[in-house]
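For reference, the chains in residue letters:
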Amino acid sequence: MTSPAASRLRPAWAGRNYTLLTAAAVVTNLGSHGALIAAAFAVLETGGDGGDVGLVAAARTLPLVLFLLIGGAVADRIPRHHVMVAANTLNFLSQGAFAVLILAGEPQLWQMMLLSALGGTGQAFFNPAAEGMLMASVTGEQAGRAFALFRFASQGATLSGAALGGVMVAVVGPGWVLALDAAAFAVAAAMRSFLDVSHIPPREPGGGLLADLRDGWREFTGRTWLWAIVVQFSLVNAVIVAAESVYGPQVARDSLGGAGPWGLALALYGAGMAAGALLMTRWKPRRLLLVGIVCVFPFALPPAALAVPVPVVLLCVAMFVSGLSIEVFGVSWMTALHQEIPEEKLSRVSAYDWFGSVSVVPIATALAGPAEGAFGRSGALWGCAALVVVATAAVLCVRDVRNLTRRSKPVAQGAPDGGSGPEPASAGDSADTEGPVGRLG
């Protein structure tokens, strides 16, 4: 799959799996971030309002919540790349059907909700498998740099995909953007089919799916820093998704000039994430989570900017700063998971992480329309910004969040909270550094 010349150009620690995972994530991010804009404007162009946009967004997120835990347990039982390929195939089919529906004209709201729900189901199985596969593809010594470079490549694709998506929605319409996203999923599925899992030890026979879920729950709840931050992001993700998927397109349409400027703002968010990832290839803070959580505060800037609303230039600055800051958190977060969670439990723990992080999103997006009616669009957006600040300040009160320290090697079979206390930094602090939140494409 990779030539000898390509092998010589890449770093020694970037093996075949890491290279394939990074390339496939680039492909899917190019398509999916334009598709997010396309889906919202497809609803608006068919006569829908903010409430309808929220319902379509909620339809995608609800099955993501319902099937995430099952997806995590399945990914720790069977080869993860099989789960990833199957999920990408489902996304290809659902997005392809969505594109045909829009291009054919007169789509119904329930049809768009159904196809969005199928896409969310695919993501529910993909996300835990992909996160576990990425973490298993690098060593502890170089994990931080690997996660940062992975995210740099992914966010570079996000930047391009969002910018092109906004322009293409304005020029050729949302249907063709959705069609390109479907093609991207097909290409990514083909690439991920070449992943090699022969180096991963065979799974020991377990006591069934429920037993695996209970085991993952014990691993999750036994680490205070882990569940505290997931609770924080259950709220942060909910209000940010509501602000950017429901209110953002409406503010863009009414005050900023439509899909093009909104696509530019999303592209600057992607640029900020790429800059943050590039920063984290060099910066390796000793107290991973303390630094990461402090960098969540700027995530309140975009909803505040939309609440005013500020000119497009200032909105783009707010999006860039929030993207950079959240990427510092994302790299620190995945480094903490990589060093503290045993490999054979990564997908299950990741599933609980994902579940907590997105479980409130369907409620928030469904209630975004009623909240706008009750408090006004500006009032609802100011509320989103305030909730980000309050939730982030609260999690800084957790001692384990402030004290978790970078290690030189991951914990192979660590007991819960084994890494939550302070400890001396390893030589040079040069070890590791990666949703909602830094998530995979």
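Chemist: Describe the overall build of the protein chain, naming the residues involved and giving the relevant values.
Modeler: Secondary structure summary: the protein chain contains 16 helices and 0 strands in total. Relative to its 441 residues, the protein chain shows a buried fraction of 58%. With the model as given, the accessible surface of the protein chain reaches about 16100 Å², and the carbon-plus-sulfur share is 70%.

Chemist: How would you summarise the packing of helix α3 (residues 50-75) against helix α8 (residues 209-221) if you had to cite specific residues and measurements?
Modeler: One way to put it is that α3 packs onto α8 with a least axis distance of 10 Å and a crossing angle of 100°. The orientation of α3 relative to α8 falls into the category roughly perpendicular. Between α3 and α8, the contacting residues are L69, I70, A73 and V74 on the first element and L209, D212 and L213 on the second. Of the residues assigned to the contact of α3 with α8, the class counts are 6 nonpolar, no polar and 1 charged.

Chemist: Lay out α3 with the relevant residues and their values.
Modeler: Its 26 residues place the ends of α3 36 Å apart at the C-alpha level, agreeing with the 38 Å of an ideal helix rising 1.5 Å per residue. The sharpest bend along α3 measures roughly 45° and falls at F67.

Chemist: Summarise the environment of Q155; cite the residues concerned and give the values.
Modeler: With respect to the secondary-structure elements, Q155 resides in helix α6 (residues 143-171). Each residue touching Q155, except ones within four places of it in the same chain, is listed here: G270, M273, A274 and E327.

Chemist: How would you summarise a nonpolar patch on the surface if you had to cite specific residues and measurements?
Modeler: A cluster of nonpolar residues, L62, L66, F67, I70 and L209, forms a patch on the protein surface that exposes about 410 Å² of accessible area. Per element, the largest residue contribution to the nonpolar patch is 4 residues, and it comes from α3. Along the chain, L66 turns up in helix α3. When its relative accessible area of 56% is taken as the criterion, L66 is described as exposed.

Chemist: An account of the packing of aromatic side chains is requested, with residue identities and associated values reported.
Modeler: Under the criterion given, the structure shown has 8 aromatic pairs. Note on W217 and F220: the rings are 5.8 Å apart at their centroids and 35° apart in plane angle, and the pair reads as tilted. Residue W217 and its partner F220 are both found in helix α8; the two are separated by 3 residues, about one turn of the helix. Of the residues examined, F220 reaches a relative accessible area of 7% and is grouped as buried. Residues F233 and F329 carry aromatic rings whose centres are separated by 4.6 Å and whose planes lie at 20° to one another, so their mutual orientation is stacked. Here F233 is found in helix α9 (residues 224-256), whereas its partner F329 is found in helix α13 (residues 312-340), with 96 residues between them in sequence.

Chemist: Break down the side chain of R223 for me, with residues and values.
Modeler: Its place among the elements puts R223 in the loop between α8 and α9. On the basis of relative accessible area, R223 is assigned to the buried category, the value being 0%. At 2.9 Å, the side chain of R223 forms a polar contact with the backbone oxygen of E340.

Chemist: I'd like a description of unusual backbone geometry, backed by residues and values.
Modeler: Along the chain, V308 connects to P309 via a cis peptide bond; the corresponding omega equals -15°. Along the chain, P309 falls in the loop between α12 (301-307) and α13.

Chemist: Report on the environment of A189, specifying residues and quantitative values.
Modeler: You can see A189 is positioned in helix α7 (residues 174-192). Along the chain, A189 and A87 lie 102 residues apart, while their C-alpha atoms are 8.3 Å from each other. Every residue in contact with A189, bar those within four places of it in the chain, is listed here: V85, N88 and T89.

Chemist: Can you lay out the confidence of the model for the protein chain for me, pointing to particular residues and giving the numbers?
Modeler: Mean pLDDT for the protein chain: 80, with 86% of residues reaching 70 or above. When pLDDT is averaged over each element of the protein chain, α12 comes out on top at 93 and helix α1 (residues 4-9) at the bottom at 49. Segment residues 412-441 is flagged for pLDDT under 50; beyond a separation of four residues in sequence, or across chains, it makes 106 contacts in the model.

Chemist: With reference to specific residues and values, describe the nonpolar core.
Modeler: Judged by nonpolar contacts, the single largest core of 113 residues is most densely connected at W225, I229, L315 and W333. Per element, the largest residue contribution to this core is 17 residues, and it comes from α9. Formed by 5 residues, the second largest nonpolar core is a distinct cluster that contains A148, M280, C295 and V328.

Chemist: Which residues make up the pattern of salt bridges, and what values go with them?
Modeler: As enumerated under the stated definition, the model contains 8 salt bridges in all. Between D215 and R218 there is a salt bridge; the shortest N-O distance is 3.5 Å. Remark: R218 and D215 occur in helix α8; sequence separation between them is 3 residues, near one turn of the helix. On the basis of relative accessible area, D215 is assigned to the buried category, the value being 18%. Here R223 and E219 are joined by a salt bridge, their closest N and O atoms 2.7 Å apart.

Chemist: Residue-level account of the packing of helix α4 (residues 80-104) against helix α5 (residues 109-135), with values.
Modeler: For the pair α4 and α5, the least separation of the axes is 8 Å and the interaxial angle reads 155°. Accordingly, the angle class assigned to the pair α4 and α5 is roughly antiparallel. Judged by the sense of rotation from one axis to the other, the crossing of α4 with α5 is left-handed. Counted by class, the contact of α4 with α5 contains 16 nonpolar, 11 polar and 1 charged residues.

Chemist: Break down α9 for me, with residues and values.
Modeler: At Y247, α9 shows its strongest bend, of approximately 45°, with the proline P249 following within four residues. Most of α9 is tucked away, with 25 of its 33 residues classed as buried. In the segment just after α9, G257 is the residue with positive phi, at about 110°.

How each quantity is defined
Residues numbered from 1 in each chain as written. Predicted model: local features only at pLDDT ≥ 70, side-chain atom pairs only at ≥ 80, totals over all residues. Heavy atoms only, no water. Helix = DSSP H or I, 4+ residues; strand = E, 2+ residues; numbered from the N terminus. Buried < 20%, exposed > 50% of the residue type's maximum accessible area, 1.4 Å probe, protein only. Areas by Shrake-Rupley, 256 points an atom, 1.4 Å probe, with all protein chains shown as cover. Axes fitted to C-alpha atoms, helices over the stretch in contact; angles between N-to-C directions. Parallel < 35°, antiparallel > 145°, perpendicular 65-115°, else oblique. Contact = heavy atoms within 4.5 Å. Nonpolar A, V, L, I, M, F, W, Y, C, P; charged D, E, K, R; others polar. Expected span 1.5 Å × (residues − 1). Bend = angle between axes of the 7 residues up to and from the residue. Patch = residues over 30% accessible without salt bridge, like charges linked within 9 Å, V, L, I, M, F, W, Y side chains within 5 Å. Salt bridge = Lys/Arg side-chain N within 4 Å of Asp/Glu carboxyl O. Phe/Tyr/Trp six-rings, centres within 6.5 Å; stacked < 30°, edge-to-face > 60°. Polar contact = N/O pair within 3.5 Å; in protein donor to acceptor, adjacent residues only side chain to side chain. pLDDT = per-residue confidence, 0-100. Core = buried A, V, L, I, M, F, W, Y, C linked by side-chain atoms within 4.5 Å. Left-handed = near helix turned anticlockwise from the far one by under 90°.

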